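Residue strings, one per chain:
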Amino acid sequence: MRTLTVLPLLALVACDETIPTDPDFPSPDNTISGAVVVSFPGEPATAIILAGRADNPLPPNGTGRPVTLTTVPAADFSQANGVQSADYAMNGLPDGDWLLSGLIDVDGDFHPNIDALGGATCGDIVGGHIVSLTDTTFAAISVDGGNEATGITVTLASTLPVERPAFFPLTATGAPGIPIVERDRAAEPQGFALQTTGVHAALRRPDGTPSISYDLEGPYTVDPESPAEGNPFGLAPSPVYDVFSPSCDTAFFVQFLDDDADGMPDPHPTVPGVFNSWPQIGLTWVGVPVDTNADGTPDAFSREGHETEEWAALSVVSPTLLQAGVPVGIPVLMSQLPVVWVPAAQRSTPSTEADCTGTWANDVCTELVTTPAALPTGAWAITVIESTGQTWTVPNTLATSSSTDAAGFIPALQGSFLLVE
Amino acid sequence: MPRQRWLLPICGLLALALPFTAQADPKDDARRHFRAGLEAAREGDFDGALERFMAAQDTYPHPVTIYNIARAYQDMGDLDNALEYYELYRDADPSKADDVDPVIAVIRARRDAQNTPVEAEATTPATAPTTTASSADVARLRALVGEMEALVEQITAEPDPAVAVVAPEGPSDGPTDTVTDPAADLLIVDAPSFQDDAYERVVVTASRFGQSPLESPSTIGVITAEDIRLSGLTTIPDLLRRVAGVDVMAKSAGHSDISIRGFNRELSNKVLVLVDGRSTTLDFLGTTLWNGLPISVDEIDRIEVIRGPGSAVYGANAMTGVVNIITRTPGDGGNTVSFNAGTPGIVGGSALLTGRNENDAWRLSVGWQEHDRWGSEVDLDATTSRVGFLEDTDTAYRTLRANGRVDHSFLDKGLASFSGSFSDSDVEIYNIGVLGNFGTEILQTVLRTDVGYGPVLLRAFWNHDVGRTGPWVAPLNPAQSLDTPFRADTFDVELSGNGDYTTGPVEHRTFGGVGYRRKELRDFLYMGDDAPTITQDHFNAFVNHESTVGVVKLVGSLRADAHPLIPVSRTISPRAAAIVRIDDDRAIRVNGGSAFRGPTLIESYMNFRIPTGVDGVYIRDFGSETLLPERILTAEVGYHDESSALHTADVVVYVNQITNLIGLDSVTPTAEPYEPGGQGWEAGRTGWVNTDPSYLGWGVEAEGELFPVDGVDLYGTVNISSVIEREAGVAVADRSTSLFKTTTGASWRTPWRTDISADLQVYSNQTWRLRQFDSAGQIGVSPSPIGARAILSARIAFRPLPDEKLELSVQGWNLGALASDGFREHPTGQRVRSRLTGALRYTF
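Residues numbered from 1 in each chain as written. Chains lettered and ligands numbered in written order. Predicted model: local features only at pLDDT ≥ 70, side-chain atom pairs only at ≥ 80, totals over all residues. Heavy atoms only, no water.

S.K.: Sorry if this is basic, but what is going on with the overall build of chain B here?
M.R.: For chain B, the helix and strand inventory stands at eleven helices and 39 strands. Buried residues in chain B amount to 55% of all 844 residues. When contacts within chain B are restricted to residue pairs at least 6 apart in sequence, those whose partners lie at least 24 apart make up 65%. Summing over all exposed atoms, chain B offers an accessible surface of approximately 34600 Å²; the carbon and sulfur share of this is 58%. (Helix = DSSP H or I, 4+ residues; strand = E, 2+ residues; numbered from the N terminus. Buried < 20%, exposed > 50% of the residue type's maximum accessible area, 1.4 Å probe, protein only. Contact = heavy atoms within 4.5 Å. Areas by Shrake-Rupley, 256 points an atom, 1.4 Å probe, with all protein chains shown as cover.)

S.K.: Honestly, the overall build of chain A in this entry has me stumped. Any pointers?
M.R.: Counting its secondary structure elements, chain A contains two helices and 30 strands. Within chain A, residue pairs in contact and separated by at least 24 positions form 69% of the contacts whose partners lie at least 6 positions apart. Total accessible area on chain A stands at roughly 19200 Å², and carbon and sulfur atoms take up 53% of it.

S.K.: Is there a simple way to think about the interface of chain A and chain B in this case?
M.R.: How big an interface is tends to be stated in terms of the accessible area lost upon association of its parts. Contacts between the two partners involve 44 residues from chain A and, on the opposite side, 57 residues from chain B. In total, about 4100 Å² of surface goes out of reach between chain A and chain B, with carbon and sulfur atoms giving 59% of it. Our enumeration of links across chain A and chain B arrives at one salt bridge. Here E672 of chain B makes a salt bridge to R205 of chain A, at a shortest N to O gap of 2.5 Å. Sorting the residues of the side of chain A that touches chain B by element identifies helix 1 (2-14), strand 1 (30-39), strand 3 (68-72), strand 5 (83-93) and strand 15 (210-216) of chain A as the ones contributing at least two each. It is helix 1 of chain A that contributes the most residues to the side of chain A that touches chain B, six residues altogether. Classifying every residue of the side of chain A that touches chain B gives 22 nonpolar, 15 polar and seven charged. (Buried area = accessible area lost by both parts, 1.4 Å probe. Salt bridge = Lys/Arg side-chain N within 4 Å of Asp/Glu carboxyl O. Nonpolar A, V, L, I, M, F, W, Y, C, P; charged D, E, K, R; others polar.)

S.K.: Sorry, what's going on with the pairing of strand 14 (residues 199-204) of chain A here?
M.R.: Regular strands place side chains that alternate from one sheet face to the opposite one. Residues and elements named next belong to chain A. For strand 14, a buried count of five out of six residues is recorded, marking the element as mostly surrounded by other parts of the structure. Two elements, strand 14 and strand 15, share six bridges in a ladder whose sense is antiparallel. Among the inter-strand pairings, A201 is bridged to a residue of strand 15, identified as Y214. Count of turn residues in the strand 14/strand 15 antiparallel hairpin: five residues, of which G208 carries a positive phi of about 95 degrees. Of the strand pairs in this sheet, strand 14 and strand 29 (residues 402-403) are connected by two bridges, and their pairing is antiparallel. From the neighbouring strand, A201 faces strand 29, where its bridge partner is S403. (Pairing = 2+ DSSP bridges.)

S.K.: Looking at this structure, how should I read the sheet that holds strand 4 (residues 271-275) of chain B?
M.R.: The strands that make up a sheet pair up through hydrogen bonds in the backbone, lying either parallel or antiparallel. Residues and elements named next belong to chain B. With mixed pairing, five strands are arranged side by side in an open sheet as 1-6-7-4-5. One side of each edge strand has no neighbouring strand; the edge strands of this open sheet are strand 1 (219-224) and strand 5 (278-279). Bridge count for strand 4 against strand 7 (residues 321-327) is five bridges, and the pairing is parallel. Bridge pairing links V271 to G321 in strand 7.

S.K.: Looking at this structure, how should I read the confidence of the model for chain B?
M.R.: Detail in the predicted coordinates should be disregarded across regions flagged by low pLDDT. Looking at chain B, the pLDDT average stands at 84 and 87% of residues meet or exceed 70. The low-confidence segment residues 155-192 of chain B, where pLDDT is below 50, has 45 contacts with residues more than four positions distant or belonging to other chains. (pLDDT = per-residue confidence, 0-100.)

S.K.: In this structure, what is going on with the nonpolar core? I would like to understand it.
M.R.: A general feature of soluble globular proteins is that nonpolar side chains tend to end up buried together. Core analysis: the largest hydrophobic core is formed by 65 residues, its most contacted members being I236, L240, F284, W290, I303 and I325 of chain B. For I236 of chain B, the residues in contact, after removing those within four places along its chain, are W290, L293, I295, I300, I303 and I325 of chain B. Among the nonpolar cores identified, the runner-up in size contains 48 residues, and A116, V199, F252 and F409 of chain A belong to it. (Core = buried A, V, L, I, M, F, W, Y, C linked by side-chain atoms within 4.5 Å.)

S.K.: How should I be thinking about the pairing of strand 2 (residues 246-250) of chain B in this particular structure?
M.R.: Residue and element names in this part refer to chain B. By the criterion of burial, strand 2 is predominantly enclosed, with five of the five residues buried. The alternating pattern of strand 2 places V246, V248 and A250 and D247 and M249 on opposite faces, both of which are buried. Note: strand 2 against strand 3 (residues 256-260), five bridges, orientation antiparallel. Note on strand 3: the bridge partner recorded for D247 is S259. Following strand 2, the chain reverses through five residues before pairing antiparallel with strand 3.

S.K.: Mind showing me how you'd approach the packing of helix 5 (residues 79-92) of chain B against helix 6 (residues 97-115) of chain B here?
M.R.: Packed helices, taken two at a time, are described by the angle between their axes plus the distance between the axes. All names here are of chain B. Viewed as axis vectors pointing N to C, helix 5 and helix 6 meet at an angle of 160 degrees, and their least axial separation amounts to 9 Å. Put simply, helix 5 runs roughly antiparallel to helix 6. Every pair of crossing elements has a handedness; the one defined by helix 5 and helix 6 is left-handed. Here L79, D80, L83, Y86, E87, Y89 and R90 of helix 5 lie close against helix 6, whose contacting residues are A97, V100, D101, V103, I104, I107, R108, R110, R111, Q114 and N115. (Axes fitted to C-alpha atoms, helices over the stretch in contact; angles between N-to-C directions. Parallel < 35°, antiparallel > 145°, perpendicular 65-115°, else oblique. Left-handed = near helix turned anticlockwise from the far one by under 90°.)

S.K.: Which parts of the structure should I look at to understand the pattern of salt bridges?
M.R.: All names here are of chain B. Within the structure shown, the criterion is met by 66 salt bridges over all chains. Two residues, R35 and D585, come together in a salt bridge whose shortest N-O distance is 4.0 Å. Pair noted here: R35 is in helix 2 (residues 27-42) and D585 is in the loop between strand 21 (573-583) and strand 22 (586-597), with a separation of 550 residues, a long-range link. R35 gets classed as buried once you look at its relative accessible area, which sits at 18%. Taking the shortest distance from any N to any O, the salt bridge between D238 and R241 comes out at 3.0 Å. Look at D238 and you get buried, because its relative accessible area is 5%.

Below, the structure is given as structure tokens:
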């Protein structure tokens, strides 16, 4: 009897079941891992690796923003023959194609959560996951199904020769302030100017104690009397620009592209009637300035009526620089940048594919709006994107910081924007 | 549905043998027979009383029943059987020997005298008396001597309320054909002669001493060992589902969160869980790891659940209720060996040995249990971007446990008890909010001693918990690792005493004491990268007083706790109750009180990086040493009815006010430099605060049991409860607890050694207001509904052997999930599926 009762129970034990995967839980994120290799003779520093979508690359190849990042502490690096290396793992990536870029934060001033501090500065080592050492094009990495793509090397070998283009806008009179353009006068060229600035800001904790200091030397000053050292192009001194030589003062790194080497500036690939040039100037609609506390100064932005819309526009380097003597095809440093406003913008709204009259992807419909009257009025943020990938945007968080050099940095100017009326 | 699942009931059925004549022993049936026997005895129907007492004894043996059988035989004049059963009574309860030995002596003497025939003396003329006694004279003389000796003993012994000795009114009238035994009239039973204290329900948790539920100052529910056996359940949380007012939320098969009268929450921390009065709470976390308790359901005598504040008796954390798991007294019950197996991945076994001798009793138990997860969020076999914390990521919990206890009686009134236990567990437990589910390896060790003499008791215990915990499944090499070891100790000592006294018509009982508790936490990285040692010393004093006059009993309780971070004034916990006995079997109870939950060590001392989903960016979470305790104020009215042997009923209406709930504050954005130790940047800060909302809760709880015929038990509960959250003048219903819940069940102990039982629990829908960080770092509320659900369970068991020592059973829990994907009990929890289990149990 005992045997007869035990055997069926053993059969119970054998009646196992596979644990079901619950379909209501989201698909797991993916991981990209590998080694980060740095060509840098100095002491190891923190490496930051950024992931952006391949269909919306990070500057300078696009205007996308990083989706996620990871860091590799300096202590993780081993060094041999002037090359430093360490392992990394980038987690939290949804399914898709990704581009990895990275930097060695030599001066330790990078911060991903503070908009003004989220960029590589002069002297940082930059790079990414490239096709090969001879083809430095960024290579896309595909991941899906909650898997890990291994052996992805991130190569950081380029030292940034210029500083971030920290700036503030100028009004039509050339004074620091909020420039204004008008939709009603869109038929005539309207523009504004940007002025580089040094940055000497102190961010503070709620209790008032300083937390982060941010210093960018500048502004770059053009020396009209002294030609650039070397001057390989034999260009004459200019009050507008200097032939490029590395400078860690904040400056605009300007170049009218001449990829076909015909001595003429190339046309812009998307905006008719203008030239292809660096830096790129992007505009994004912020909203209508409002004065919530009735003190006469706008302190917030209203998006009423456009809550689900995102607007992005391009402005271009003014071709008047060519008339001022800026050479074609040669990068130069400038401290002031005239900009032409292009009265057109791209509008993105959530939409079904059936309802979209423009380009539809990922439940978003994107349309090009060329009717000036259809553009939203109000404040537009100004972003300068250098050919190095370095960027600067106003308005930014530094507007509420404290200045540690009142002569060299005026925080309030970092709260400026382009006002479209 | 996997085909294998259907093999289980078939596999179980293979184990069934042909049924034989049944013999079941439920205490409730025995009570019914016993009460009927008392009624018959009061009416002078001793034959009927004897029949009923015999039925009770056959159903559920009890020493008092044996005594009453003896008494019935005595009153019927059957001294042989009376003597036999008095001797059986003495053997069954040696502590009553002093009381029953005189009775036995008298009965034996009477029996002997009756059995000794005496011839009539021949009448002779006045002649000198003979100097030689006849044999009959000698026998008679001996009988008289024996009776006189017994009478002397009777008179000099302490009075026994069950037996009264009345002197004869006058001498006998002379010689008779049979022995005229003057002492035959000496032993006259004076009512009440039958004892009535058998099979009565006793609860201890409400007042920390034994009392009838009719006398309890708090609403109390009881799950008996028989309830546990008939349910076939092996987890305590599932047993608690049948108690009115109790919510069980299982986000995984590894852990359940228990709440009482609302506040259904993750890592529920407002219910105090005890094992034989010892706290099982992990003090640093504020919750109990149910599947890591070092006891099995086979060792449980009963589970008492107090609904309502219990801080007046137990101090901190007995805020909305107390669950006291009372284990069997060493020496009680038999030895058992049991095995169980089923789906999903259920395997377990236990062995319990117990025994006693004159002054000592012992109990030793070992066991293991494991259970697979309900479901998996990630197919780790097909995923390479995740790694499991535990080696086995399919098992929800696995526990190996052992415990032992020795009780020693000394000097008549003394009792010393020493016990130790350990459990080694791997458990899946859901953490709060975005942290998700964690794997925990934990070794829990307990040492305990109780030494009492008379009314004074000294108790001490040491809980030692060591382990490590981390996300159940984590990304590879995260910048902010959540893995951490921990080592927690709780040392507790308490001195208590009680006394009874009378002032005029008023009977008083006072129970009070003082206590000390030390808490330590080490190695826990959530307290800071250097894992500082956290130490707290707590002191307490408590008193509980009852005064009874007539049918009214008034209860007053008060406790004060000295907490290192909280003013004593904030921990004062009073309780007051009035119990009116309508009659012996019905009572009305009105009570009110206040209780508190002190902040956990995490809430007070935390220094922790909360991942944000972006490696290298985290939110800093700080504890606060200025937190006030959570507070509850309660009033309730209840009615308890045991007026017949066929039923029990309890109805209670309550209202609660809760304030100062502890939760996470909104995130304050911060700008901090890169932190190499954290491998990232702090994007904001939050901390534990006393949140602003207050809560008003009310409810009605009704419970009832029916015992219509032998072998059949019916039970049911109905629970209506509501909690309203109020903040800044806005009131919102908190529907994380079902507004309506009902349980109905039935069990039938058939005459064929087969038990059949079924249970149905129905919950109305819930809406969880999930507090989560939004993209701006602020705490937002996201309503997440859960539909109504029902849990249907059934069990069949039978005992194939005539001695009924072997029991084989098959049980199914949540059978409705066999035809569906189960249900969730929390929006982010796993789908709760069904269990099909077979079990073998042998008692010897």
